[in-house]
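One letter stands for each residue in the lines below.
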Amino acid sequence: MAILPGLSKSAGLLGGQGLKKSDDMVRTYTLKNVRLETGFEYEGEEVVHTKTDLFSVNIGDGKIREILPNNPGNNNAIDAKGLLMLPAFKDMHIHLDKTFYGGSWQATRRRTGGVKGMIALEQEILPEMLKDSTNRAKKLIELLQSKGSSFARSHVNIEPTSKLQSLKNLEIALAQKKDGFKAELVAFPQHGVFYTDTVPYLKDAAQMDIDFIGGLDPYTIDGAIEKTIDFTVQLALDHNKGIDIHLHESGQSGLDTVTYLIKKVNENPVLRKKTFISHCFVLGKLEKTKQEEIAEQLGAAGVAIVSTIPFGSLIMPIPILYKHNVTVLTGNDSIIDHWNTWGSGSVLQKANLMAQLYGYATEFLLSRSLKLATANLLPLDDKGVQQWPKAGDAADFVLIDANCSAEAVSRVSPVQSLISQGNIVY
Ligand SMILES: [Zn+2]
């Protein structure tokens, strides 16, 4: 899939499916027949429908410059054919550096030894995987783009086996994809901070172009909660980074890790809104009153949860997190690798899964569920007032075959085009 730095102003559209790519590039163009949400329709108190209308949208220099009344007769405009424009999607937890995607099918193997067993497996297979990881990352980025994501937060292995090579390989892939895709990176000590001697590599990574210091089950892997969290927090503070740790531990050690991290963020307010716990399965194992209590503390401290929306034996208390204003993000995590093979690449599908799991079935609740796919950007606010897009917003959006956000979530509607920083990706 080629990334174009602009699109043709004369080309119009292909037969109904997405915007047409062309070598005739321009930096400024107008889309006509773009469907935008304009408000809610009520029956009494209930939202029964989402109102939309067609507009012309002028794009320039990577931004939405103007939103104008529709002008279907404008032959210089590109015809969006009534497709719905939504904010581009964001995959907020994935491992772009470490994937089998783009290679042959490989189901996960029976595991022994828990996460430590997986670390031993990685020490074996990573040297071979690193040989092709730039190429694999590019393929994975293309999959995400095809599902409407133009942004990802990628964890990237930092450990004594890969050293900084996984990060360097991924940075090459991201540089080559930069016109259609952006990422923020988490320096991820997949083999523990102290369990393997990862400290020097994390310190080196912290001086590179990364955004977050990562972590992994401090108690299970390193055998200490406070020592590992203290190191992580200090490294983030010293280098002005955020924190995003993997926490799978679902017992007391998981809870202790959450409360200790909240305490450290409260002591260091600069980390508010910059601290994330990925998975945080322990929340799903707590009694409801305890869930409420911890959710309230997370919300007050500005600590967010990144969940892949698990289902089956573990259901996360996402509605309780929302109730206490905890920021909730999602991602595919694995697409196909030695951890699992379930990722579709679509975060819209995650929003659909959330809506199904928690019974968000009404027009209003379905429309709100879209925020899981967009990292909390919605066309309409809760009162139905249009808040996106506005002139000056980044031109990062999808054109999707749906009438409104609620339908897009409920049907997992097909993404027909992705525009990233004004560039048509496909
Ligand atoms: Zn992960």
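For clarity, every value in this text was computed on a predicted model and none was experimentally measured.

Participant: Would you explain the nonpolar core in this entry?
Facilitator: Core analysis: the biggest nonpolar cluster contains 94 residues, and L96, I277 and L298 have the highest contact counts within it. Counting residues per element, this core draws most heavily on helix α11 (residues 347-358), which supplies seven residues. Those residues in contact with L298 that lie beyond four places of it in its chain are V258, I262, I277, L283, V303, I305, L321 and V326. Counting residues in each nonpolar core, the second largest holds 18 residues, with L31, V34, L36 and I419 among its members.

Participant: What is the right way to look at the side chain of N352 in this model?
Facilitator: Assignment of secondary structure puts N352 in helix α11. For N352, a relative accessible area of 12% puts it in the buried group. Here the side chain of N352 touches Q356 through a polar contact of 2.7 Å, side chain to side chain. Here S410 takes part through its backbone oxygen, which lies 3.1 Å from a polar atom of the side chain of N352. In contact with N352, other than residues within four places in its own chain, are V409, S410 and V412.

Participant: Explain empty space enclosed by the protein to me, please; I cannot follow it from the model alone.
Facilitator: Under the counting rule described, the total for this entry stands at two cavities of 30 Å³ or more. In this model, the largest cavity occupies a volume close to 50 Å³. Lining of the largest cavity is provided by D97, K98, T99, L126, M129, L130, S133, R136 and S166. Breaking the lining of the largest cavity down by element, the ones donating at least two residues are α1 (114-130) and α2 (133-146). If you tally residues by element for the lining of the largest cavity, the top one is α1, at three residues. By residue class, the composition of the lining of the largest cavity is three nonpolar, three polar and three charged.

Participant: Looking at this structure, how should I read the sheet that holds strand β13 (residues 328-330)?
Facilitator: Each strand in a sheet pairs with its neighbour through backbone hydrogen bonds, running either in the same direction (parallel) or in the opposite one (antiparallel). A sheet is described by the order of its strands in space; here eight strands give the open sequence β6-β7-β8-β9-β10-β11-β12-β13, paired in parallel fashion. The open sheet has two edge strands with one neighbour each: β6 (89-94) and β13. Direction aside, neighbouring strands of the sheet carry axes that sit 25 degrees apart on average. Where strand β12 (residues 303-307) lies against β13, three bridges are found, and the strand directions are parallel. Residue pairing in the sheet places S307 in a bridge with T330 of β13.

Participant: Would you explain helix α3 (residues 165-176) in this entry?
Facilitator: For an α-helix, the turn length of 3.6 residues means that residues three or four places apart are oriented alike. For α3, built from 12 residues, the straight-helix expectation of 16 Å at 1.5 Å per residue is met to within 8% by its first-to-last C-alpha distance of 17 Å. Listed in full, the buried residues belonging to α3 are S166, L167, N169, L170, A173 and L174. Looking straight down α3, one finds its buried side chains confined to an arc of 165 degrees; they lie on one side. On its buried face, α3 sits against α1, α2, β7 (149-157), β8 (182-188) and α4 (199-206).

Rules used throughout
Residues numbered from 1 in each chain as written. Predicted model: local features only at pLDDT ≥ 70, side-chain atom pairs only at ≥ 80, totals over all residues. Heavy atoms only, no water. Core = buried A, V, L, I, M, F, W, Y, C linked by side-chain atoms within 4.5 Å. Buried < 20%, exposed > 50% of the residue type's maximum accessible area, 1.4 Å probe, protein only. Helix = DSSP H or I, 4+ residues; strand = E, 2+ residues; numbered from the N terminus. Contact = heavy atoms within 4.5 Å. Polar contact = N/O pair within 3.5 Å; in protein donor to acceptor, adjacent residues only side chain to side chain. 1 Å grid on protein atoms, 1.4 Å probe; cavity = no way out; pocket = protein on both sides within 12 Å on 5 of 7 lines; lining within 4 Å. Points joined across faces, edges and corners; volume = space filled by probe spheres on them. Nonpolar A, V, L, I, M, F, W, Y, C, P; charged D, E, K, R; others polar. Pairing = 2+ DSSP bridges. Axes fitted to C-alpha atoms, helices over the stretch in contact; angles between N-to-C directions. Expected span 1.5 Å × (residues − 1). Arc of directions from axis to C-beta.

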